[in-house]
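Structure assessment
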Amino acid sequence: MSELDDVFVADAVVHAYNQAESNFRVPRYAQQVAEIGVGLESKMPEGYRRTRESFLSDWPIEETENSLFRESRTDFAVVHPQSITVFHDGLTAEAKAREFVERNPTRAAALASVDAVGMEDPQAELTRQVEAFDPHGVKVYPSYWEQDGTHHGFKMDDPEVAFPLWEHAADLGLDVVAVHKALPFGAVPMDSYKVGDVEEAAASFPDLTFEIVHGGLSFAKETGWQIARHPNVYVNLELTLAELVTSPESFAETLEDLLYGGGEQALDKILWGTGAPHFHPGLLLERFWEYDFPEMKSFSGTFEITKEDKKKILGENWAEAHGFDIDEIRSETEDDQYSDVELTDEWQSTGFEVAE
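The notes below deal with the structure included here.

Thresholds applied
Residues numbered from 1 in each chain as written. Predicted model: local features only at pLDDT ≥ 70, side-chain atom pairs only at ≥ 80, totals over all residues. Heavy atoms only, no water. Helix = DSSP H or I, 4+ residues; strand = E, 2+ residues; numbered from the N terminus. Buried < 20%, exposed > 50% of the residue type's maximum accessible area, 1.4 Å probe, protein only. Contact = heavy atoms within 4.5 Å. Areas by Shrake-Rupley, 256 points an atom, 1.4 Å probe, with all protein chains shown as cover. Core = buried A, V, L, I, M, F, W, Y, C linked by side-chain atoms within 4.5 Å. Arc of directions from axis to C-beta. Polar contact = N/O pair within 3.5 Å; in protein donor to acceptor, adjacent residues only side chain to side chain. Axes fitted to C-alpha atoms, helices over the stretch in contact; angles between N-to-C directions. Parallel < 35°, antiparallel > 145°, perpendicular 65-115°, else oblique. Nonpolar A, V, L, I, M, F, W, Y, C, P; charged D, E, K, R; others polar.

Summing up its helical and strand segments, the chain has 13 helices and 13 strands in all. If you line up the chain on its principal axes, its C-alpha atoms span 55 × 50 × 40 Å. Of all 356 residues assigned to the chain, the portion counted as buried reaches 58%. For the chain, the share of sequence-separated contacts (at least 6 apart) that also reach a separation of at least 24 residues comes to 77%. Carbon and sulfur atoms provide 45% of the accessible area of the chain, an area that totals close to 14400 Å².

This paragraph deals with the nonpolar core. Judged by nonpolar contacts, the single largest core of 97 residues is most densely connected at Val140, Met156, Trp166 and Phe210. When neighbours within four sequence positions are excluded, phenylalanine 210 is seen to be in contact with Met156, Trp166, Val177, Val198, Ala201, Ala202, Phe205, Asn232, Val233 and Tyr234. With 16 residues, the next largest nonpolar core counts Ala10, Phe76, Val78 and Leu271 among its residues.

Inspection of the secondary structure assignment puts aspartate 134 in the loop between helix H5 (122-133) and strand S5 (137-140). For aspartate 134 and alanine 112, which are 22 residues apart along the polypeptide, the C-alpha to C-alpha distance reads 8.4 Å.

For helix H13 (residues 326-333), every residue scored as buried is listed here: Ile326, Ile329 and Thr333. What you see down the axis of H13 is that its buried residues fit within an arc of 60°, all on one side. On its buried face, H13 sits against strand S2 (76-79) and helix H12 (307-322). For H13, the N-terminal cap is aspartate 325; the gap from its side-chain oxygen to the backbone nitrogen of aspartate 327 is 3.0 Å.

Okay, the packing of helix H11 (residues 281-290) against H12 next. Each pair of packed helices gets described by two things: the angle between the helix axes and the distance between those axes. At a closest axis distance of 10 Å, the pairing of H11 and H12 adopts a crossing angle of 150°. Compared by their axis directions, H11 and H12 come out roughly antiparallel. Contacts from Leu285, Phe288, Trp289 and Glu290 in H11 reach Lys307, Lys310, Lys311, Ile313 and Leu314 in H12. Its residues assigned to classes, the contact of H11 with H12 comprises five nonpolar, no polar and four charged.

Right, here's the structure in full:
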(Lines give C-alpha, C1' and ligand atoms only; values in the text may rest on other atoms or scores of the structure.)
Protein backbone atom coordinates (compact mmCIF):
# COMPACT_ATOMS: atom_id res chain seq x y z
CA MET A 1 0.00 0.00 0.00
CA SER A 2 1.34 3.42 -0.98
CA GLU A 3 1.22 6.50 1.22
CA LEU A 4 -0.52 8.18 -1.70
CA ASP A 5 -3.53 5.89 -1.35
CA ASP A 6 -4.85 8.16 1.40
CA VAL A 7 -3.90 11.46 -0.25
CA PHE A 8 -6.54 13.42 -2.17
CA VAL A 9 -5.14 14.28 -5.60
CA ALA A 10 -6.83 16.80 -7.90
CA ASP A 11 -5.29 17.50 -11.29
CA ALA A 12 -6.17 21.10 -12.07
CA VAL A 13 -5.59 20.84 -15.83
CA VAL A 14 -5.96 17.91 -18.23
CA HIS A 15 -6.53 17.84 -21.98
CA ALA A 16 -7.12 15.61 -25.01
CA TYR A 17 -5.18 17.19 -27.87
CA ASN A 18 -5.84 17.00 -31.59
CA GLN A 19 -2.43 17.63 -33.12
CA ALA A 20 -3.18 15.91 -36.41
CA GLU A 21 -2.12 17.96 -39.42
CA SER A 22 -5.75 18.08 -40.56
CA ASN A 23 -6.48 20.20 -37.45
CA PHE A 24 -3.90 22.87 -38.36
CA ARG A 25 -5.84 26.10 -39.04
CA VAL A 26 -2.69 28.24 -39.33
CA PRO A 27 -0.12 25.58 -40.24
CA ARG A 28 3.04 27.65 -39.67
CA TYR A 29 2.19 28.36 -36.04
CA ALA A 30 0.32 25.12 -35.35
CA GLN A 31 3.43 23.20 -36.33
CA GLN A 32 5.50 25.29 -33.91
CA VAL A 33 3.09 24.60 -31.04
CA ALA A 34 3.07 20.88 -31.82
CA GLU A 35 6.86 20.70 -32.06
CA ILE A 36 7.22 22.27 -28.61
CA GLY A 37 5.15 19.40 -27.23
CA VAL A 38 7.12 16.78 -29.13
CA GLY A 39 10.36 18.19 -27.72
CA LEU A 40 9.08 18.12 -24.15
CA GLU A 41 7.67 14.62 -24.53
CA SER A 42 11.01 13.32 -25.84
CA LYS A 43 12.65 14.14 -22.49
CA MET A 44 10.50 11.65 -20.59
CA PRO A 45 12.01 8.28 -19.59
CA GLU A 46 11.55 5.14 -21.68
CA GLY A 47 8.02 3.81 -21.40
CA TYR A 48 6.62 7.24 -20.58
CA ARG A 49 6.98 8.90 -23.96
CA ARG A 50 5.19 8.39 -27.22
CA THR A 51 6.48 8.16 -30.73
CA ARG A 52 6.34 11.31 -32.82
CA GLU A 53 3.56 9.78 -34.93
CA SER A 54 1.31 9.00 -31.97
CA PHE A 55 1.99 12.39 -30.38
CA LEU A 56 1.00 14.25 -33.56
CA SER A 57 -2.43 12.67 -33.71
CA ASP A 58 -5.98 13.11 -32.41
CA TRP A 59 -5.96 11.86 -28.81
CA PRO A 60 -9.14 10.09 -27.65
CA ILE A 61 -10.43 11.03 -24.21
CA GLU A 62 -9.97 7.41 -23.10
CA GLU A 63 -6.22 8.10 -22.94
CA THR A 64 -6.82 10.93 -20.51
CA GLU A 65 -9.19 8.79 -18.40
CA ASN A 66 -6.81 5.85 -18.26
CA SER A 67 -3.71 7.84 -17.36
CA LEU A 68 -5.53 9.65 -14.56
CA PHE A 69 -7.89 7.12 -13.03
CA ARG A 70 -6.51 3.69 -13.99
CA GLU A 71 -2.77 4.36 -14.05
CA SER A 72 -2.29 6.96 -11.34
CA ARG A 73 -3.74 7.82 -7.95
CA THR A 74 -5.59 10.88 -9.23
CA ASP A 75 -9.01 11.35 -7.64
CA PHE A 76 -10.38 14.31 -9.59
CA ALA A 77 -9.51 16.30 -12.71
CA VAL A 78 -10.43 19.59 -14.36
CA VAL A 79 -10.52 19.32 -18.14
CA HIS A 80 -9.63 22.46 -20.08
CA PRO A 81 -11.07 22.85 -23.56
CA GLN A 82 -8.73 25.12 -25.50
CA SER A 83 -9.08 28.14 -27.77
CA ILE A 84 -5.64 28.16 -29.40
CA THR A 85 -6.74 29.54 -32.73
CA VAL A 86 -3.98 28.06 -34.88
CA PHE A 87 -5.98 24.81 -34.53
CA HIS A 88 -9.45 24.39 -36.00
CA ASP A 89 -10.88 23.00 -32.74
CA GLY A 90 -8.60 24.99 -30.43
CA LEU A 91 -6.39 21.92 -29.73
CA THR A 92 -8.76 20.32 -27.19
CA ALA A 93 -12.29 20.53 -28.53
CA GLU A 94 -15.19 21.64 -26.37
CA ALA A 95 -16.98 18.43 -27.33
CA LYS A 96 -14.17 16.37 -25.79
CA ALA A 97 -14.35 18.33 -22.54
CA ARG A 98 -18.09 17.85 -22.35
CA GLU A 99 -17.83 14.12 -23.04
CA PHE A 100 -15.04 13.69 -20.49
CA VAL A 101 -17.24 15.14 -17.73
CA GLU A 102 -20.30 13.18 -18.89
CA ARG A 103 -18.32 9.93 -18.77
CA ASN A 104 -16.73 10.75 -15.41
CA PRO A 105 -19.34 12.73 -13.47
CA THR A 106 -17.96 11.86 -10.04
CA ARG A 107 -14.35 12.66 -10.90
CA ALA A 108 -14.33 15.55 -13.36
CA ALA A 109 -15.30 19.14 -13.91
CA ALA A 110 -14.65 21.48 -16.82
CA LEU A 111 -13.74 25.04 -17.61
CA ALA A 112 -15.06 26.99 -20.56
CA SER A 113 -12.61 28.52 -23.05
CA VAL A 114 -13.09 31.65 -25.12
CA ASP A 115 -11.06 33.66 -27.62
CA ALA A 116 -11.35 37.07 -26.00
CA VAL A 117 -9.72 38.89 -28.94
CA GLY A 118 -10.92 37.12 -32.07
CA MET A 119 -14.55 36.43 -31.19
CA GLU A 120 -17.14 39.01 -32.15
CA ASP A 121 -18.94 38.57 -28.82
CA PRO A 122 -16.91 36.56 -26.27
CA GLN A 123 -19.42 37.29 -23.51
CA ALA A 124 -22.20 35.67 -25.53
CA GLU A 125 -19.95 32.69 -26.26
CA LEU A 126 -19.17 32.31 -22.56
CA THR A 127 -22.89 32.36 -21.79
CA ARG A 128 -23.48 29.66 -24.42
CA GLN A 129 -20.84 27.39 -22.91
CA VAL A 130 -22.14 27.90 -19.38
CA GLU A 131 -25.61 26.89 -20.52
CA ALA A 132 -24.25 23.96 -22.56
CA PHE A 133 -22.10 22.13 -20.02
CA ASP A 134 -22.00 24.06 -16.73
CA PRO A 135 -18.28 24.92 -16.40
CA HIS A 136 -17.17 26.52 -13.13
CA GLY A 137 -14.54 28.79 -14.71
CA VAL A 138 -12.99 29.94 -17.96
CA LYS A 139 -9.60 29.37 -19.64
CA VAL A 140 -7.98 32.07 -21.79
CA TYR A 141 -4.78 32.36 -23.80
CA PRO A 142 -2.41 35.30 -24.37
CA SER A 143 -1.98 34.65 -28.12
CA TYR A 144 -4.64 34.75 -30.83
CA TRP A 145 -4.24 34.36 -34.58
CA GLU A 146 -6.34 35.37 -37.54
CA GLN A 147 -6.78 32.93 -40.42
CA ASP A 148 -3.90 34.58 -42.29
CA GLY A 149 -1.59 34.13 -39.31
CA THR A 150 -1.76 37.68 -37.98
CA HIS A 151 -0.99 37.52 -34.26
CA HIS A 152 -2.66 39.49 -31.46
CA GLY A 153 -1.59 39.48 -27.83
CA PHE A 154 -4.12 39.54 -25.00
CA LYS A 155 -3.61 41.22 -21.63
CA MET A 156 -5.54 40.29 -18.50
CA ASP A 157 -5.83 43.94 -17.45
CA ASP A 158 -7.14 45.33 -20.75
CA PRO A 159 -10.03 47.58 -19.64
CA GLU A 160 -11.90 47.28 -22.95
CA VAL A 161 -11.38 43.60 -23.80
CA ALA A 162 -10.58 41.71 -20.59
CA PHE A 163 -12.46 43.50 -17.83
CA PRO A 164 -15.92 43.18 -19.44
CA LEU A 165 -15.25 39.45 -19.79
CA TRP A 166 -14.26 39.04 -16.14
CA GLU A 167 -17.32 41.01 -15.07
CA HIS A 168 -19.53 38.78 -17.19
CA ALA A 169 -17.85 35.65 -15.80
CA ALA A 170 -18.64 36.82 -12.28
CA ASP A 171 -22.22 37.62 -13.26
CA LEU A 172 -22.58 34.07 -14.63
CA GLY A 173 -21.48 32.68 -11.27
CA LEU A 174 -18.11 31.38 -12.45
CA ASP A 175 -15.37 31.08 -9.85
CA VAL A 176 -12.10 30.67 -11.77
CA VAL A 177 -10.20 32.45 -14.53
CA ALA A 178 -7.23 30.37 -15.69
CA VAL A 179 -4.69 31.96 -18.01
CA HIS A 180 -1.83 30.36 -19.94
CA LYS A 181 1.40 32.18 -19.13
CA ALA A 182 5.20 31.70 -19.20
CA LEU A 183 5.44 29.42 -22.28
CA PRO A 184 5.23 31.28 -25.63
CA PHE A 185 3.61 29.53 -28.58
CA GLY A 186 6.61 29.59 -30.88
CA ALA A 187 7.88 32.75 -32.57
CA VAL A 188 5.42 35.22 -31.04
CA PRO A 189 6.03 38.33 -28.90
CA MET A 190 6.76 37.40 -25.28
CA ASP A 191 5.11 40.41 -23.70
CA SER A 192 1.62 38.94 -23.25
CA TYR A 193 3.12 35.79 -21.65
CA LYS A 194 4.50 37.79 -18.72
CA VAL A 195 2.51 37.83 -15.47
CA GLY A 196 2.36 41.51 -14.50
CA ASP A 197 -1.07 42.00 -16.10
CA VAL A 198 -2.69 39.53 -13.68
CA GLU A 199 -2.45 41.73 -10.60
CA GLU A 200 -4.81 44.50 -11.68
CA ALA A 201 -7.38 41.94 -12.83
CA ALA A 202 -7.13 40.15 -9.48
CA ALA A 203 -7.39 43.37 -7.51
CA SER A 204 -10.35 44.57 -9.57
CA PHE A 205 -12.29 41.28 -9.32
CA PRO A 206 -11.62 39.96 -5.81
CA ASP A 207 -14.45 37.41 -5.97
CA LEU A 208 -12.78 35.56 -8.86
CA THR A 209 -9.85 33.18 -8.49
CA PHE A 210 -7.09 33.88 -11.02
CA GLU A 211 -4.94 30.86 -11.88
CA ILE A 212 -1.57 31.34 -13.60
CA VAL A 213 -1.04 28.18 -15.64
CA HIS A 214 2.56 27.01 -16.27
CA GLY A 215 3.56 29.22 -13.38
CA GLY A 216 7.30 29.37 -12.79
CA LEU A 217 8.31 28.00 -16.17
CA SER A 218 9.56 31.54 -16.68
CA PHE A 219 9.13 34.70 -14.58
CA ALA A 220 9.10 32.55 -11.44
CA LYS A 221 9.95 35.21 -8.86
CA GLU A 222 7.58 37.71 -10.47
CA THR A 223 4.84 35.08 -10.30
CA GLY A 224 5.73 34.39 -6.68
CA TRP A 225 5.16 38.00 -5.75
CA GLN A 226 1.73 37.82 -7.39
CA ILE A 227 0.60 34.96 -5.16
CA ALA A 228 2.24 36.56 -2.13
CA ARG A 229 0.33 39.84 -2.51
CA HIS A 230 -3.04 38.81 -3.92
CA PRO A 231 -5.21 36.33 -1.99
CA ASN A 232 -7.12 35.32 -5.13
CA VAL A 233 -4.09 34.47 -7.32
CA TYR A 234 -2.84 30.88 -7.55
CA VAL A 235 -0.16 29.07 -9.56
CA ASN A 236 -0.85 25.95 -11.60
CA LEU A 237 2.26 23.77 -12.18
CA GLU A 238 1.30 22.29 -15.57
CA LEU A 239 4.46 21.77 -17.70
CA THR A 240 6.58 23.20 -14.88
CA LEU A 241 6.29 19.78 -13.23
CA ALA A 242 8.18 18.18 -16.13
CA GLU A 243 11.36 19.47 -14.49
CA LEU A 244 10.77 16.91 -11.74
CA VAL A 245 11.76 14.30 -14.33
CA THR A 246 14.23 16.17 -16.52
CA SER A 247 16.00 18.19 -13.81
CA PRO A 248 14.63 17.81 -10.26
CA GLU A 249 17.17 20.22 -8.79
CA SER A 250 16.00 22.85 -11.26
CA PHE A 251 12.38 22.22 -10.26
CA ALA A 252 13.31 22.74 -6.61
CA GLU A 253 14.90 26.06 -7.54
CA THR A 254 11.81 27.05 -9.52
CA LEU A 255 9.55 26.21 -6.59
CA GLU A 256 11.83 28.19 -4.27
CA ASP A 257 11.50 31.20 -6.59
CA LEU A 258 7.70 30.83 -6.61
CA LEU A 259 7.69 30.74 -2.82
CA TYR A 260 10.30 33.44 -2.25
CA GLY A 261 7.92 36.38 -1.88
CA GLY A 262 5.33 34.68 0.32
CA GLY A 263 7.48 32.13 2.09
CA GLU A 264 5.87 29.14 3.75
CA GLN A 265 2.39 30.68 3.53
CA ALA A 266 2.64 30.71 -0.27
CA LEU A 267 2.56 26.90 -0.24
CA ASP A 268 -1.23 27.32 0.05
CA LYS A 269 -1.27 28.96 -3.42
CA ILE A 270 0.33 26.18 -5.49
CA LEU A 271 -1.94 23.86 -7.52
CA TRP A 272 -1.13 20.43 -8.93
CA GLY A 273 -1.58 20.28 -12.71
CA THR A 274 0.01 17.71 -15.02
CA GLY A 275 -1.56 18.43 -18.41
CA ALA A 276 -2.32 14.70 -18.64
CA PRO A 277 -1.86 12.81 -20.79
CA HIS A 278 0.83 15.07 -22.27
CA PHE A 279 2.92 13.92 -19.31
CA HIS A 280 1.91 10.79 -17.50
CA PRO A 281 0.38 11.86 -14.16
CA GLY A 282 1.50 8.71 -12.37
CA LEU A 283 5.15 9.42 -13.14
CA LEU A 284 4.95 13.05 -11.98
CA LEU A 285 2.95 12.15 -8.88
CA GLU A 286 5.41 9.53 -7.68
CA ARG A 287 8.42 11.77 -8.38
CA PHE A 288 6.87 14.69 -6.49
CA TRP A 289 5.81 12.62 -3.47
CA GLU A 290 9.21 10.96 -3.09
CA TYR A 291 11.42 13.98 -3.83
CA ASP A 292 13.29 15.29 -0.81
CA PHE A 293 13.23 19.06 -1.26
CA PRO A 294 16.13 21.07 0.13
CA GLU A 295 15.52 23.80 2.66
CA MET A 296 13.65 26.63 0.97
CA LYS A 297 14.92 30.19 1.24
CA SER A 298 12.43 33.04 1.14
CA PHE A 299 12.13 36.75 1.83
CA SER A 300 10.81 35.95 5.31
CA GLY A 301 13.26 33.16 6.19
CA THR A 302 13.86 29.47 5.55
CA PHE A 303 11.44 26.55 5.83
CA GLU A 304 11.03 22.87 4.94
CA ILE A 305 8.50 21.32 2.55
CA THR A 306 6.80 18.50 4.45
CA LYS A 307 4.47 15.70 3.39
CA GLU A 308 1.61 17.79 4.78
CA ASP A 309 2.65 20.61 2.46
CA LYS A 310 2.71 18.19 -0.46
CA LYS A 311 -0.85 17.12 0.40
CA LYS A 312 -1.91 20.75 0.13
CA ILE A 313 -0.34 21.08 -3.29
CA LEU A 314 -1.73 17.78 -4.55
CA GLY A 315 -5.36 18.59 -3.87
CA GLU A 316 -6.29 20.61 -0.82
CA ASN A 317 -5.28 23.95 -2.33
CA TRP A 318 -7.26 23.21 -5.48
CA ALA A 319 -10.42 22.43 -3.47
CA GLU A 320 -10.08 25.78 -1.69
CA ALA A 321 -9.35 27.74 -4.87
CA HIS A 322 -12.07 26.13 -7.00
CA GLY A 323 -14.72 25.83 -4.30
CA PHE A 324 -15.06 22.03 -4.10
CA ASP A 325 -15.60 19.83 -1.05
CA ILE A 326 -13.10 16.98 -0.72
CA ASP A 327 -15.32 14.89 1.56
CA GLU A 328 -18.17 15.18 -0.93
CA ILE A 329 -15.95 14.09 -3.82
CA ARG A 330 -14.65 11.13 -1.83
CA SER A 331 -18.19 10.08 -0.94
CA GLU A 332 -19.31 10.27 -4.59
CA THR A 333 -16.31 8.31 -5.89
CA GLU A 334 -16.39 5.60 -3.22
CA ASP A 335 -18.29 3.15 -5.44
CA ASP A 336 -17.78 4.57 -8.93
CA GLN A 337 -16.30 2.83 -11.99
CA TYR A 338 -12.70 3.40 -10.86
CA SER A 339 -13.02 2.65 -7.16
CA ASP A 340 -11.88 -0.98 -7.48
CA VAL A 341 -9.05 -0.36 -9.97
CA GLU A 342 -5.81 -1.91 -8.77
CA LEU A 343 -2.83 0.25 -9.69
CA THR A 344 0.60 -1.11 -10.47
CA ASP A 345 3.95 0.64 -10.22
CA GLU A 346 4.32 0.51 -13.99
CA TRP A 347 2.54 2.51 -16.65
CA GLN A 348 -0.03 0.30 -18.29
CA SER A 349 -0.67 0.95 -21.97
CA THR A 350 -3.47 3.46 -22.47
CA GLY A 351 -4.07 2.39 -26.04
CA PHE A 352 -1.54 4.52 -27.90
CA GLU A 353 1.89 3.58 -29.12
CA VAL A 354 4.65 3.96 -26.54
CA ALA A 355 8.24 4.63 -27.55
CA GLU A 356 10.61 1.79 -26.66
